[in-house]
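Now for the letters of each chain:
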Amino acid sequence: MKTVIYYVTFFITFCSFAQTKVGSVHFNDVDVFGDSELMLNGAGTRDRMYAMALYLDFEVNGVEDGIMVAEKDDTMAITLKVTSSLEGEELKEIVRNGIERATDGNSYLLENQIRDFINILPKDIKKYDIFRILHKKGGDLMVYRNKELLGKMNHPEFKKALFKIWLGENPVDSELKKNLLASFEPNPILGKWKMVDKKTGVALSVIQLYMLEGKVFGAIERMLRQSERDNVCYDCTGDDKNKKVEGLVVVKRMQLNGDKYTGGKFTNIRDGKVADCQMWIDEEDRDILNVKYKGSGGVHQWRRAKQ
């Protein structure tokens, strides 16, 4: 599991997934919070103070599901990017006033938890600071600034009220609520795919496809046969020669051309050969990735790896 987390974190930090622009900032379409990989559901801005994104691993049907999301005990996260000067006291006031609205004037019932949460928040807040609020299934609520864990707590009722600041019946910004619950649909080619042997139908590896500067790359996250997890690509050439197979970037520089991704290369770890490659998804089955490269013997069908 630690190996998987390491490679996913590597992609986020150095390669970056596809991104969605909101105002002047960008949010990853897929992001990692601790050991949880979540999908962007929607994002928006508020009064030029901050931009915010909601990340989930379950589907919503739109703005009517705001209460459901806030009250659901499932892994979810909010990313808040400060876009103007904002004092620490201002952020605390946003939390206090928001929870007062979210609880219809009954925030006093959560006063101890509100104080605990406010004490987690820093006094100094800078423009471009990134705050992440992660709720883990089971109740843990963690707050990060940039990559630093500021603190955590566990109180289900407070979590519900906190998320209702933006998702509840009386949110601090109705337009922002609509944008957060917009059911964002990311680029379907990105994510994890099981490479399946065409002849046997056996899945061989899990490949993570990600985007860097408008081009799609893919690295082997995990070999599915335990006996192959320490394999080295002795037959690979150039910088890939003698590299461990897990972590090797085998799909490089694919670009969208019509309804297919073309113009890139695929490295076959079995013989080290590098070939021109094409990838596409048929609309009738978005969980199948069609892959064709020279010497492949036709079209291979990779299957979406379920989380």
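What counts and how
Residues numbered from 1 in each chain as written. Predicted model: local features only at pLDDT ≥ 70, side-chain atom pairs only at ≥ 80, totals over all residues. Heavy atoms only, no water. Disulfide = S-S within 2.5 Å. Buried < 20%, exposed > 50% of the residue type's maximum accessible area, 1.4 Å probe, protein only. Helix = DSSP H or I, 4+ residues; strand = E, 2+ residues; numbered from the N terminus. Contact = heavy atoms within 4.5 Å. Patch = residues over 30% accessible without salt bridge, like charges linked within 9 Å, V, L, I, M, F, W, Y side chains within 5 Å. Areas by Shrake-Rupley, 256 points an atom, 1.4 Å probe, with all protein chains shown as cover. Salt bridge = Lys/Arg side-chain N within 4 Å of Asp/Glu carboxyl O. Lys, Arg positive; Asp, Glu negative; His and termini not counted. Charge placed at Lys NZ, Arg CZ, Asp CG, Glu CD. Pairing = 2+ DSSP bridges. Axes fitted to C-alpha atoms, helices over the stretch in contact; angles between N-to-C directions. 1 Å grid on protein atoms, 1.4 Å probe; cavity = no way out; pocket = protein on both sides within 12 Å on 5 of 7 lines; lining within 4 Å. Points joined across faces, edges and corners; volume = space filled by probe spheres on them.

S.K.: Describe in detail the state of the cysteines, supporting the description with residues and values.
M.R.: Applying the stated rule across the entire model yields one disulfide. Two residues, C233 and C236, share a disulfide whose sulfurs are 1.9 Å apart. Its torsion about the S-S bond being 75°, the disulfide of C233 and C236 is classed as right-handed. Relative accessible area serves as the criterion here: at 1%, C233 is assigned to the buried category. Free cysteine: C277, not disulfide-bonded; nearest cysteine sulfur from C236 at 15 Å.

S.K.: So what about the environment of G191? Which residues, and what values?
M.R.: Mapped onto the secondary structure, G191 falls in strand β10 (residues 191-196). G191 has contacts with I207, Q208 and L209, leaving out every residue within four places of it along the chain.

S.K.: Can you break down a negative patch on the surface residue by residue, with the values?
M.R.: There is a patch of like negative charges on the surface, built from D259, D282, E284 and D285. For E284, the location among the structural elements is in the loop between β17 (274-280) and β18 (288-293). The exposure class of E284 is exposed, given its relative accessible area of 69%.

S.K.: Now, about the pattern of salt bridges: what can you tell me, with residues and values included?
M.R.: Across all of its chains, the model carries 18 salt bridges by this definition. Of the charged contacts, one joins R225 and E228 as a salt bridge, the two residues approaching to 3.6 Å between their closest N and O atoms.

S.K.: Report on the sheet that holds strand β19 (residues 300-304), specifying residues and quantitative values.
M.R.: Around the barrel, which closes on itself, the eight strands sit in the order β10-β11-β12-β15-β16-β17-β18-β19 with antiparallel pairing between neighbours. The sheet shows a mean angle of 30° between the axes of neighbouring strands, direction not considered. Sheet topology note: the strand β15 (residues 249-257)/strand β16 (residues 260-267) ladder contains five bridges and is antiparallel. By the bridge assignment for β16, V251 is matched with F266.

S.K.: Can you break down empty space enclosed by the protein residue by residue, with the values?
M.R.: Using the criterion set out here, one finds one cavity of 30 Å³ or more in the structure. Approximately 100 Å³ is the volume attributed to the largest cavity. L80, L91, I94, V95, F117, L121, F131, I133, V143 and W166 are the residues that line the largest cavity. Of all elements in the fold, only α3 (88-102) and β7 (130-135) reach the threshold of two or more residues within the lining of the largest cavity.

S.K.: Provide a residue-level description of the sheet that holds strand β3 (residues 30-33), including the pertinent values.
M.R.: Strand order across the open sheet formed by seven strands is β3-β4-β5-β6-β7-β8-β9, with antiparallel pairing between neighbours. Of all strands in the sheet, those bounded by a partner on one side alone are β3 and β9 (148-154). When the angles between neighbouring strand axes are averaged without regard to direction, this sheet yields 25°. The pairing of strand β8 (residues 140-145) with β9 spans six bridges and is antiparallel. Residue pairing in the sheet places V143 in a bridge with G151 of β9. Sheet strands in contact with helix α4 (residues 111-120) are β7, β8 and β9, and its direction is about 170° off that of β9.

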